[in-house]
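Coordinate inspection notes
Chain residues, written in single-letter form:
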Amino acid sequence: MSEASVPLDTQAAAETKRKATVSTLSRILRYTVVRLIVLFLTVVVAVYLTILIANMGGYVDTIQRGQIQEAVNMALATNPAFKQLSAAEKQAQMAAQISIQEKRLGLDKPFVVRSFLYLRNALTLDLGRALQMASDSGSKQVKNIILERLPATLVLFGTADVFLFIFAILIALSLSRKYGSFFDKLFITLAPTSSAPGWFYGIFLILIFAALLHWLPFGGLVDAPPPDSKLMYALSLMKHMILPVIAITLSQIFLSAFTWRTFFLIYSSEDYVDMAKAKGLTSRNIERSYILRPTLPTIITSFALLVIAMWTGAPIFETVFLWPGLGRALFTAVGLYDTPVIVGSTVIFAYLLVITVFLLDIAYALVDPRVKIGGGESRPQ
Amino acid sequence: MADTELLRVENLKLHFRTTQGIVQAVDGVDFNLTYNRAVVIVGESGCGKTSLAKAILRLLPRNVAEYSGHIYLDGTDIMEYDEEEFRQNVRWIKMSLVPQAAMNALNPVIRVGDQVAEPAMIHLNARPEEAMAMARKMFQNVGVPADFLVRYPFELSGGMRQRSAIAMALVTSPILIILDEPTSALDLLTQANIMNVLKRIKHEFETSYILITHDIATSSELADDVAVMYAGQIVEVGDTPRFFPNPLHPYSRKLMNSVPRLHGDTEPEFILGQPPSLINPPTGCRFAARCPSRFEKCDEEPPTFNIEGRRVKCWLYA
Amino acid sequence: MKALRNTFKELVRYPSAIIGLAIIALLLVLSVYAVVSIPYSKAIVLWRGGEGVWYEYPKYAAPSWINFFRREKLPDSFKQSSKDGTAQKTVIPGEKMTSTVITYTFDYQADEYPSDIAIYFTDVYTTKQPFVSMSWLTPDGRKIDIGSFAVDTKQTYYLAQDTKLQRKLAGLAPQDGLFVADPKAGLTPPVKGTYQLVIDGYTFDKGSTIDAEMVLYGKVSGCCGTDHLRRDLRVALLWGTPVALAFGLLAAIGTTAITMVIAAFGVWYGGWVDGLIQRITEVNLVLPFLPILIMVGTFYSRSIWVILGVVILLSIFGAGIKTYRAVFLQVRESPYVEAARAYGAGSLRIVFSYLVPRIIPLIIPQLVTLIPTFVFLEAGLAVLGLGDPTLPTWGKIINDAQQNGALYQGLYYWVLEPAALLMLAGLAFALLGFSLDRIFNPRLRGM
C-alpha cells in the first residue's frame, strides 16, 4: 500500500482544524464564565472579611456617622428656616435629623445586618467620604480619590510585571540551554538575593542614582510642575519609572530566572522531548513547542504568586519611591488616620488581586488544555 | 547478503557518567537486521535495552561519557553524520520510534493530530492540511477514530494513545521502526490488539522492527529474530523458529524457562542472583557469576561464535 | 539524631550554606550581646530618649570609622565640666559679688568644624540671677567676645543658635566662625591648636554658685552614628537583631507548622473538610495581606506580638498548603499508613504520628526560606511607620531616615547600616534555605 493509493482528504483536514479552533474557544469561554462566577463569590467573601476586620473597632460605623453628620450639616446650613432657630433648637433639630438618617442607613440595626449593608456599599464602590484627604480635583469621595491614584499604580506595576516576565523567561531559557555555564552558576548564586523585596533595592538604587550620581529623580510620578505637552509628560513619567521598575526587576529576576530555568530543565527531561528530537524537530522547535509550551502553566502559577505579592507590597514600595499611587494613598491615609480611605483602599486592593487572579487564570487556561472546569468536567477516559 | 541488509550495528558503545562512576549501559553491541524483518531484543530490566534503542536513535542524555561504534543503516554509516545531517536524513525518514509509555511520550498541551502530523510537515514539506490528512489516514490505519485528531493526549485512553504513537511513527513511512516496550503498560486485551496492528502494518508497509521488550511471550508472534541482551551486551542472536525451542546461551535458556507457559507442565523458574552492576562490570563473561555451566574459561571475555547462522557469546560453543 | 548529623555533613559541602550558617551565628552572637549589654527595659528607655538621655551626643553624626576613609578628619564630640574637674574653675569671693571663672581648654585637630557647642549651666541662687560673660580664645591669640547674659538655675546655651554672635562673625555660623583664621575671609579650614572658652561668672547671693558643662558636638559619634534625636544608632542596630530574628523565626515556624497540620487534616479527612480548606485558601489568596496588616496596625495595635499573630493568621492559608497537600496525598496512600489504619490507629494519631513527620524534612528548607520574607515584612511595616511603638528595630531606623530625608542630605550611614544588617540577615537564611532545598529535594539535586 503506497502513499498515492489513498487520496489525501485535505477537506476533512481543514474541517479538523476548524473543529480544533472551535473546541479551544468553547473550552476557554466555559472556563472563563465559571471562573468569573467563582471569583466573584471569592471577592465577596474577601471584601466581607475586610469589612469585618475593619469594623471590629467600629471604624466603618464611624465612617458612616461622619458622612451622615456632614450631610445633615450641609442640608441644614442651606435651609433659611434653620438659621432663625436658637442654639438649643438647632442642636435638637440636628440630632433628630441625624437619627432619622442613621435609621435610614441601618445604623440602628445589629451589626450582622449592618455588615451586609456595608458589603453592598463596598461592592458597588460606594466607599464613603474621606475625613482629611481630597482628590486633586477637590472631591472628598473616597472612590474618586482612589480612582485618581489607581492609574499610577497600574502603570508602574504593569510595566514592571511585563518587564520581569519577559526578561525572566528569556534568561531562564538561555540558562537552561547553557546548563552548568558560568552565567547559570551566577544566577544560582544570586538567587537568594531575591529574598529582599523591591522597596529594599529601591533604597539602594535611590542612594546610588539619585543621591550620589544625580542621574535620576529621587521619586515621584513626574517632574514638578508637571510638563504641559503630552510628549514631555510621557518622557518625564518614563524617567521617573526607571528606578522603580529596575528595583522590582532586580529584586525578583534572579530567583525567577533560576526557578523557571529549573522548571525548564525538569520538563526537558520528559519523554516527549526525546520523542520530539527523534521526530527530527529542530532544536528551536523543540524548545518552543515541547519545552516552553508545557512549562508555561507552571511558570504562570509561579508568576501569579509573584504578582500578587507585588500588589500587596505596593504600599511600602510606593512610599519609598514617593509614587502617588493607591499604595501611597493608603500610607498617607494611615498618617492622617483617614479611616474611610484606609478601608476603601483595602477593598480596592482586594479587587485588584481578584482581577489579577482572573487574568492569570485565563492565561493558564489558554496554555494548558488540561484545566478542569468547576472540578470534574474534563474527560480523561 | 549486503543488498538485503537494512541495519548493521558494530561495536556500539554508550556509557554514562554518574556520581557513582561510569555506567556501561551499552558495551560493544553487534547485530544486524534484514529488510522487512522484526528483531526482538529481550533481557531483564536494567540490562541496557532502552539505552541500546537510544544509542541507535542518537537520543543521548547530557551525561554521555562514551558514544562510539558503527551503525550502517541502508548502506551508510549514520554515526558519521553530524547532528543536522542526522536530523534531516535519518530521524523519522529512515527510522522512527514507538516509545515505552505513550502518555509521557505525547506532549500534553498539543493536540494529538498536530503531533502526528508534525513529522510530515518537517520532513516531507507537507502543507498543514496535507499533513493533517496524512495523520488522518494513519489514524484509520491503526484504528483510531479520526475525531481523536483534535483531542489532547489526556483525553485518550492508554490503548488509543499507543495507537496514536504508532500512527505518528508511520506517518513518514520510515523503513525501520524501533518499538520500545510498546505494550507493557497496557491490559492484555489491548496488548493483543496492538500486536495485531503491528503485524498488519509490517505486512502492509513492509517495514522492519526492532522490538525491545522483557515480555517474551507477547513478542514471539511478531519476531523473526531474537537478540538476547545481558549486562549491556548481546549474548545471543538467532531466528525465532530455532531460538525458541532451543536457546543456546545459558542465560537465554534460563530466560526462556522463566516464561510461564499456557501448555506444558514445566513450572516457570527464576534466575538466581542479581545482574551485575553496569558500573565496573565483571571481567570475563558477565553472566559467569549466575551461570550453572560455568568453568575456568569463563574468566576470559568470550568471543561471538557462529553456530549455523546463529551467534552466541559463550565459551561452551568454542 | 543521626539523620541530623548526616544532613549537617552534607550541608557543609555547600559553600553558600557555610556562609549562611556563619552569618546566622554572627547575628545570634550579636543578639545575645544586645540583650546582655543593654537590658530590654534600658533599651526601651534609651530609644524613647527625651530629656537628658542623649544630650551629650551630636545630631546626625556619622559613625567615627568613616574618618579612616576621609582625608579631612571630622571632629568627635567631647565634654568638659566644672563639676568633675575636667574644666578649670576658680572662685574669687568678693564683697557684693563673687566672681567665678570657668576655663575650658581643648586641643582641636579636626579638619572640619564641629556641629555645635552647647553650655549647660546649673546655678544656685536665692534672689538674684547670676550673670555670665563668655569669651573665646583662639590658638593664634585672638579673643572673641561671645556674649553676656543672666542665667537661671538650669539653662542651656547653644552657640549655633546665637544670631548676634553670627553677625559678629561676619555672617558665618558661630560653630564655623569661631574656628576660622579670619571670619571676613569666609569659610577657610579650621585653625588647629589649643582653644579656650572662658566663662566669667558673677554671683550676687550668699552661697550662690555657677557650674557649667561645655559639650562640643562633633560630626562623628561612636561606631554607628546618631540620628535626628541625638540617639546612638547602636542601640537600635543591636536590638534590631534579636527582634528581627525572633519575628522572622516565630512567624516562619508558626505559619509552616499550622499550615502543615491543616493540610494534613484536610488530606486525611478529605471530603468537605478538604474542600473547605481549599476554598479558604482561594479567598485568602485575594485578601490584600499588607493593607489588612496596615488596617490592624492603624486601628488596633502596633505591638509586634499582635502584628506577628495577624501575620501568621493571614499566612497559614497561603500557597504552601497546596504543596503540602500534594505530598500528603502521596503519603496517605503509602503502605505504612494503610497498616496503621488497619490496626486501628485513630485519625489524630495517624495525622500527627504518620503524616506530619513524613513531611518535616520537606518543609525545613521552605521554613528557612520563609524567614527573610517575614524579616523584611517587619522592616517594611516599620518603614510605613507601623513599627512597634516601643521597640528599637532596623526598620524604624530606616523609617526615621526616610522621614528626615537622609538620602537627600547625604546621611547615607543612616540608611546603609540598618539596610546592611537586613540584607545580611535575609541573605543568610536564604543561602541556608537554598542549600537545604538542594539536599532535601532530590529533583533539584545536580541542577
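Up top is the structure.
Description of the structure in this document. (Residues numbered from 1 in each chain as written. Chains lettered and ligands numbered in written order. Predicted model: local features only at pLDDT ≥ 70, side-chain atom pairs only at ≥ 80, totals over all residues.)

Secondary structure assignment for chain C yields 14 helices and nine strands. Compactness check: chain C gives a C-alpha radius of gyration of 31 Å against a globular reference of 22 Å for 447 residues, more than 25% above the reference. The principal-axis extent of the C-alpha atoms belonging to chain C is close to 110 × 45 × 40 Å. Burial statistics for chain C: of 447 residues in total, 42% are counted as buried. Sequence-distant contacts in chain C: of pairs separated by 6 or more residues, those separated by 24 or more amount to 73%. (Helix = DSSP H or I, 4+ residues; strand = E, 2+ residues; numbered from the N terminus. Rg over C-alpha atoms; globule rule 2.2 N^0.38 Å. Buried ≥ 20, exposed ≤ 12 C-beta atoms within 10 Å, placed from the backbone. Contact = placed C-beta atoms within 7 Å.)

Now for the pairing of strand β3 (residues 38-42) of chain B. Residue and element names in this part refer to chain B. Counting buried positions along β3 yields five of five residues, so the element is predominantly enclosed. Both faces of β3 are covered, namely the face carrying A38, V40 and V42 and the face carrying V39 and I41. When β3 meets strand β8 (residues 208-213), the two strands line up parallel, connected through five bridges. Note that in β8 the partner of V42 across the bridge is T213. Two elements, β3 and strand β9 (residues 225-230), share four bridges in a ladder whose sense is parallel. Across the sheet, residue I41 finds its bridge partner in β9, namely A227. (Pairing = 2+ DSSP bridges.)

Turning next to helix α7 (residues 271-286) of chain C. The end-to-end C-alpha distance of α7 of chain C, which contains 16 residues, comes to 24 Å, matching closely the 22 Å that a straight helix rising 1.5 Å per residue would cover. Taken as a whole, α7 of chain C has its buried residues at T281, N284, L285 and V286 of chain C. (Expected span 1.5 Å × (residues − 1).)

On to the interface of chain B and chain A, then. Contact with chain B, which involves 38 residues of that partner, is made by 35 residues of chain A. Broken down by secondary-structure element, the contributors of at least two residues to the side of chain B that touches chain A are α3 (102-105), α4 (112-123), α5 (128-142) and α7 (188-205) of chain B. Per-element tally for the side of chain B that touches chain A: the top contributor is α5 of chain B, with seven residues. Its residues assigned to classes, the side of chain B that touches chain A comprises 22 nonpolar, six polar and ten charged. (Nonpolar A, V, L, I, M, F, W, Y, C, P; charged D, E, K, R; others polar.)

This part is about helix α8 (residues 198-212) of chain A. Compared with an ideal rise of 1.5 Å per residue, which puts 15 residues at 21 Å, α8 of chain A spans 20 Å between its outermost C-alpha atoms and is within 8% of the ideal. Along α8 of chain A, the sharpest kink reaches roughly 30 degrees, centred on I206 of chain A. Tucked inside the fold, the buried residues of α8 of chain A contact α9 (230-267) and α11 (283-320) of chain A together with α12 (347-383) and α14 (412-440) of chain C. Phi turns positive one or two residues past the end of α8 of chain A, at H214 of chain A, with a value near 55 degrees. (Bend = angle between axes of the 7 residues up to and from the residue.)

All names here are of chain C. Residues I117, I119, F121 and D123 of strand β4 (residues 116-124) are buried on one face, while the alternating residues D116, A118, Y120, T122 and V124, pointing to the opposite face, are not. As paired strands, β4 and strand β9 (residues 209-217) are joined by nine bridges and run antiparallel to one another. Bridge assignment links Y120 to a residue of β9, and that residue is E213. Bridging between β4 and strand β7 (residues 154-158) involves five bridges; their strand directions are antiparallel.

Contact with chain A, which involves 46 residues of that partner, is made by 40 residues of chain C. Listed by contribution, the elements that provide at least two residues to the side of chain A that touches chain C are α1 (10-55), α8, α9, α11, α12 (326-336) and α13 (339-367) of chain A. Across the side of chain A that touches chain C, the residue classes tally to 34 nonpolar, twelve polar and no charged.

In this section: the environment of M133 of chain A. Residues and elements named next belong to chain A. Secondary-structure assignment places M133 in the loop between α5 (111-123) and α6 (142-177). Expressed as a C-alpha distance, the spacing of M133 and P324, which sit 191 residues apart in the sequence, is 13 Å. Leaving out residues up to four positions away in the same chain, M133 has contacts with I145, T332, A333, L336, D338 and V341.

A few words now on the sheet that holds β4 of chain C. All names here are of chain C. Strand order across the open sheet formed by four strands is β1-β9-β4-β7, with antiparallel pairing between neighbours. Two strands close off the open sheet at either side, each with one partner strand: β1 (78-81) and β7. Going across the sheet, the axis of each strand differs from the next one's by a mean of 15 degrees, ignoring polarity. (Axes fitted to C-alpha atoms, helices over the stretch in contact; angles between N-to-C directions.)

In this assembly, two pairs of chains are in contact, and the pair contributing the most contacts is chains A and C. Chain B makes no contact with chain C; the smallest distance between any of their C-alpha atoms is 10 Å.

Moving on, we come to unusual backbone geometry. For L125 of chain A, which is not glycine, the phi torsion reads 60 degrees and is therefore positive. Looking at the element boundaries, L125 of chain A is found in the loop between α5 and α6. By the C-beta count within 10 Å, which is 15 here, L125 of chain A ends up partly exposed. Within the chain, E181 of chain B stands out as a residue other than glycine whose phi angle is a positive 45 degrees. Relative to the assigned elements, E181 of chain B resides in the loop between β7 (176-180) and α7.

Bringing the environment of A133 of chain B into the picture now. All names here are of chain B. Its place among the elements puts A133 in helix α5. Taking the number of C-beta atoms within 10 Å as the measure of exposure, A133 has 24 and is therefore buried. As for A133 and G113, which are separated by 20 residues in sequence, their C-alpha atoms are 9.6 Å apart.

Once that is clear, we can look at the sheet that holds β8 of chain B. Residues and elements named next belong to chain B. One open sheet accounts for eight strands, arranged β6-β7-β8-β3-β9-β10-β12-β11; its pairing is mixed. Among the strands making up the open sheet, the edge pair consists of β6 (95-98) and β11 (305-307). When the angles between neighbouring strand axes are averaged without regard to direction, this sheet yields 20 degrees. Across the sheet, helix α1 (residues 49-57) is in contact with β3, β6, β7, β8 and β9; its angle to β7 comes to roughly 150 degrees. This element, helix α10 (residues 250-257), spans β3, β9 and β10 (233-239) of the sheet and lies at about 105 degrees to β9.

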